[in-house]
Every structure is written in C-alpha cells, then in structure tokens.
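Residues per chain, in single letters:
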Amino acid sequence: MQRPNQVELSEDIWAAHCDRVANICQQVINRQPGKLLTIQKNTSSHTVRAVNYKQDCHPIDVSSLNHILKIDREAKTALVEGQVLLGDLCRATLSVGLLPAVIPEYSDFTVSGLINGEGIQSSSHRYGLFSDTILSQEVVLGDG
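Computed from a predicted structure; not experimentally measured. (Residues numbered from 1 in each chain as written. Predicted model: local features only at pLDDT ≥ 70, side-chain atom pairs only at ≥ 80, totals over all residues. Heavy atoms only, no water.)

Chemist: Where do I start with the environment of Asp56 in this structure?
Modeler: Counting through the fold element by element, Asp56 comes out in the loop between strand 1 (37–40) and strand 2 (58–61). The exposure class of Asp56 is exposed, given its relative accessible area of 63%. A C-alpha to C-alpha distance of 7.7 Å links Asp56 and Leu36, two positions 20 residues apart in sequence. (Helix = DSSP H or I, 4+ residues; strand = E, 2+ residues; numbered from the N terminus. Buried < 20%, exposed > 50% of the residue type's maximum accessible area, 1.4 Å probe, protein only.)

Chemist: Just checking my understanding: could you explain the nonpolar core for this structure?
Modeler: Side chains of nonpolar character tend, in soluble globular proteins, to be buried together. One finds Val84, Leu86, Leu89, Cys90, Val102, Phe109, Val111, Leu114, Ile115 and Phe130 forming the largest nonpolar core, which totals 10 residues. Breaking this core down by element, the ones donating at least two residues are helix 2 (86–94) and helix 3 (111–117). Those residues in contact with Val111 that lie beyond four places of it in its chain are Val80, Glu81, Gly82, Val84, Leu89 and Phe130. The next biggest cluster of nonpolar side chains, apart from the first, holds 7 residues, and it includes Ile24, Val28, Val62 and Leu65. (Core = buried A, V, L, I, M, F, W, Y, C linked by side-chain atoms within 4.5 Å. Contact = heavy atoms within 4.5 Å.)

Chemist: Mind showing me how you'd approach the pairing of strand 4 (residues 77–80) here?
Modeler: Every regular strand shows the same layout, with side chains that alternate between the two sheet faces. Pairing of strand 3 (residues 68–72) with strand 4 involves 4 bridges; the strand directions are antiparallel. Within the sheet, the bridge partner assigned to Ile71 lies in strand 4 and is Ala78. Taking the residues between adjacent antiparallel strands as the criterion, strand 3 and strand 4 are bridged by 4 residues, where Lys76 takes a positive phi near 55°. (Pairing = 2+ DSSP bridges.)

Chemist: Even after reading the chapter, I still don't get helix 1 (residues 11–29), so can you show me in this structure?
Modeler: Quick reminder: α-helices carry 3.6 residues per turn. Residues three or four places apart thus point the same way. With 19 residues, helix 1 extends 26 Å from end C-alpha to end C-alpha; this agrees with the ideal 27 Å at 1.5 Å per step. The complete set of buried residues in helix 1 reads Trp14, His17, Cys18, Arg20, Val21, Ile24, Cys25, Gln27 and Val28. For helix 1, the elements touching its buried residues are strand 1, strand 2 and strand 3. (Expected span 1.5 Å × (residues − 1).)

Chemist: For this particular structure, what's the right way to read the side chain of Thr93?
Modeler: Here Thr93 is to be found in helix 2. Taking relative accessible area as the criterion, Thr93 reaches 6% and is therefore assigned buried. Of note is the side chain of Thr93, whose polar atom sits 3.1 Å from the backbone oxygen of Cys90. Setting aside residues up to four positions removed in sequence, Thr93 forms contacts with Ile71, Leu98, Leu99 and Pro100. (Polar contact = N/O pair within 3.5 Å; in protein donor to acceptor, adjacent residues only side chain to side chain.)

Chemist: Teacher, can you tell me more about helix 2 here?
Modeler: Of the residues making up helix 2, those classed as buried are Leu86, Gly87, Leu89, Cys90, Ala92 and Thr93. In this fold, the buried residues of helix 2 make contact with strand 3, strand 4 and helix 3.

Chemist: In this structure, what is going on with the pattern of salt bridges? I would like to understand it.
Modeler: A pair can form between side chains of opposite charge whenever their charged atoms are brought close. All told, the structure shown has 2 salt bridges when counted by the stated rule. One salt bridge connects Glu81 with Arg20, and the closest N-O pair in it is separated by 2.8 Å. Residue Glu81 is found in the loop between strand 4 and helix 2, and its partner Arg20 is found in helix 1; the two are separated by 61 residues along the sequence. Among the residues examined, Arg20 registers a relative accessible area of 14% and is labelled buried. (Salt bridge = Lys/Arg side-chain N within 4 Å of Asp/Glu carboxyl O.)

Chemist: So what exactly am I meant to see when it comes to the environment of His17 here?
Modeler: Along the chain, His17 turns up in helix 1. Residue His17 is classed as buried on the basis of its relative accessible area of 6%. For His17 and His67, which are 50 residues apart along the polypeptide, the C-alpha to C-alpha distance reads 8.3 Å. A polar contact of 2.6 Å, which involves the side chain of His17, links it to the side chain of Glu81.

Chemist: Would you mind showing me how to read the pairing of strand 2 here?
Modeler: What you see with strand 2 is a clean split: His58 and Ile60 sit on the buried side and Pro59 and Asp61 on the side with no burial. Bridge count between strand 1 and strand 2: 4 bridges; the pairing is parallel. Counted as the bridge partner of Gln40 is Asp61 from strand 2.

Spelled out as structure tokens, the structure:
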C-alpha cells in the first residue's frame, strides 16, 4: 500500500493504518467463493430496509477503521478512515479552526456512509455533495 501523495504521517500512524486495512483485505480473501459481502460495524445504521438479506453474506468487520490520521490546517484537508463519525471529525477540525465543507445534520453519520449515501446538507448548494469534497479514496477490491 502506498502513502497518499504529499501526505506526511508518522511511521507509527501509517503502520497502524496499514495493519487495519490488511485485516480488512484478509477478511475479503477469506470469504467463500461466490458469497456476497456485507459490512459489520459498531456504528448506527440508518437504513430503512430489512437487513435479513445479510444473513447469507460474508461479513467484513470494518469497525476498526475509525481513525483520523491527519488534519492539515494549511492544506485544509483531513486524512481519515471510513468509520470516522462526522461529530468526531468536526470536533477534530474545529480544534484547528476548520470544518468540513459539507456537514449533514447527524453527528453519528460515518465518512464512508456519507460517501456511499451521497450526504447532502444546506451547504451543498455551494460545495456539492459530501462525496464531492473528497480528494481521493483508498478502496479494498473484491479480491482483497
């Protein structure tokens, strides 16, 4: 795994992140052939669908991906993992005089949930959807 371009992180922070991602990759690799994937997390779900379809899926526990790796005040960017709660991201960015451009109303939305669910808020008329504010993403593919 390569570090994001022009992002300085301590070796400890980067190594811990790589370990968490490697664990996710291994969970994907360990699934039975042909089995669909579903995520398990320790944050709230905001779905209105019945979740019984997940019973036959291979669960991938992503709850460990809840770290803010870096906030760069000068570049006005944050490097975060997908299970970071928006309330936590807002508190962290506020501590250095910043805020995300798009902040949906619920502090328990996760970054990855907002990317996948196309988070929108009153500031979206200016900045677009939450996913429009993302510079890059790291993705685990279906083959791990």
